[in-house]
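# Structural overview for review
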Amino acid sequence: MRETVLKDVFRAVLATAAAVLLYSLAGAAGPSVLVAFNAFSVVVIYFSVRRGEVFGAFAGTACGLVQDAFSLSVFGTAGLTKTLLGFLTGYVAGRIDVSPAPRMAAFLLVVSTFELGAWVLLSWAVRQEAVGLHRGLLLVQPLVTALLGTSLFLAERRFLARRREA
Amino acid sequence: MPLWDKRQSVVILAGLVVFHLLLISIQIPRGADKSLFEKSVFFVYSPLQRAAVGAVRNVRSVWKDYFDLRGAHKENRELKERLFFLHQENRFLQDRLELFRSEARIRESLERFRDDLIPARVIGIDSANPYRSLVLDKGSLDGVKANMAVCDKFGNLVGRTIGPVSLREAMVQLVTDKESSVNVMSEKGRLVGSLTGTSGPICELRYVLASTTGGEEGEELRTTGHDRIYPAGIRVGAIRSIEKDPSLPLFRKIRVRPFFQFNTLDAVAVLPQVQGGEK
């Protein structure tokens, strides 16, 4: 039991590190990329689908707080929304079959739209100010997250299938 | 059966949600101050960001150095670096000339300025809104402290350093952040106001009374140094539009386009601390 918990903590730290790496690489490509692509969400979604809702919630907390640390926004807003994202994604993915690609894409689009909506609402509630949409680019974020997430799962599936064949 | 066994995951979620709500609520009265926890997270993960960006730059650099332009690229880089400092010096010299018109003081300021200037590279952009902050690859070990002005390679104001400043990394609040405020003056009309960001590409010049004359579209704005953070005379932006503000009839609504561009923000200069516009 203790070993499993330690392994999960280690995995969560690795997941967060992976998110920071992705975010840093995306940032190097320009500010618009960072608006349209949230590396932390992709990582949270991936680990939530793979490891379930509890791990997803913890990974969401870790990734969200790190995202907040790299921002001037109120510390904890991304933490809370990503915790909810991780839990919701893990919970639903554990109860319905989301493995077919179109279903996976639709599912990820719904959860990432939920996350963005929750983040916008929470930011508005905390700061009493509307969140800038960056000429609508922010609205593309769930779509990008869904596409990247689906591609990630498909690539992983293909890789595992090839390894099994070999 | 206890609740823990029955609804373990829901209890964990509830615990995490409460934790976050507490975390958010304790910040509300403290304003922009960063908590120790937030600083710790930044301290732990910012070296990772630095390593990631450094690795990418190194790979790019190796490719260019050895397979692309070899020696020419290296020389070019050195020349660019020299040009960067010359830009800064030139801009500073011009600004000082306009402000003091005293050659002796200009020379003295320039000498000190050259010694203290800290060149830095941008390794990250704000994860929630790119127009709010940046992360630099220089920290307290390099002499960076909070409230130091940051300029781009053309001498245009980018923002100021804010806490947390870690050992090797520092955060910069951009002039485009809505919580940023820079005291500026227009070049020709001597229109004085407070430049505030909108967390978007355009800033606003606030607290300019409707009765005030002067100021026209395209006019340059420079720092006054009155805020005791930014040295006087740094170019900030140009007036984009001047309108009447129906919601605040007492003031003019002046939109400003900042000069700094994200695509030229690879290298920046951190300026040493100033007192009332003087070094």
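Attention here is on the structure that accompanies the text. Computed from a prediction, not measured in an experiment: that's the story for all the values here. Positions within a chain are numbered from 1, following the residues in the order the chain's sequence is written. Each chain gets a letter, beginning with A, and each ligand a number, beginning with 1, in the order they are written. Since the coordinates come from a predicted model, pLDDT governs what is reported: local features require at least 70, and pairs of side-chain atoms require 80 or more to be given and counted, while whole-chain, interface and lining totals use all residues.

Looking only at helices and strands, one finds seven helices and zero strands in chain A. Listing every helix and strand of chain A by position from the N terminus yields α-α-α-α-α-α-α. What the globule rule says is 2.2 Å times the number of residues to the power 0.38, and the radius of gyration is computed from C-alpha atoms. Here chain A has a C-alpha radius of gyration of 16 Å; the compact-globule value for 166 residues is 15 Å, and the two agree. With the principal axes as the frame, chain A shows a C-alpha extent of 55 × 35 × 30 Å. Across the 166 residues in chain A, those meeting the buried criterion constitute 50%. Only DSSP runs of H or I reaching four residues or more are called helices, and only runs of E reaching two or more are called strands; each is numbered from the N terminus. Buried residues are those with 20 or more other C-beta atoms within 10 Å of their own C-beta, exposed residues have 12 or fewer, and partly exposed residues lie in between; C-beta atoms are placed from the backbone.

With that settled, consider the sheet that holds strand β4 (residues 157–165) of chain B. Adjacent strands of a sheet pair through backbone hydrogen bonds, lying either parallel or antiparallel. Residues and elements named next belong to chain B. Strands qualify as paired when DSSP identifies two bridges or more between them. Judged by pairing direction, the barrel is antiparallel, and its six strands sit side by side in the order β1-β2-β5-β4-β3-β12 before closing back on the first. Averaged over all adjacent pairs, the angle separating strand axes in this sheet is 45°, with direction ignored. Alignment of β4 against strand β5 (residues 170–174), held across five bridges, turns out to be antiparallel. Looking at β5, one finds that Gly159 is bridged to Leu174. In this analysis, axes come from line fits to C-alpha atoms, helices being fitted only over the stretch in contact, and the angle between any two N-to-C directions falls in the range 0 to 180 degrees.

This part is about the interface of chain B and chain A. A pair of residues counts as a contact when their C-beta atoms, built from backbone coordinates, are separated by no more than 7 Å. Each partner contributes to the interface: chain B provides 34 residues, whereas chain A provides 36 residues. The set of elements that each furnish at least two residues to the side of chain B that touches chain A consists of α2 (8–27), α3 (36–68), β1 (118–125) and β2 (133–136) of chain B.

Attention shifts here to unusual backbone geometry. If a residue is not glycine, its phi is most likely negative; likewise, a peptide bond is most likely trans. Residue and element names in this part refer to chain B. Its identity is not glycine, yet Tyr207 carries a phi of approximately 60°, on the positive side. The phi angle at Arg228 is positive, at roughly 60°, despite the residue not being glycine. Tracing the chain through its elements places Arg228 in the loop between β9 (220–223) and β10 (235–244).

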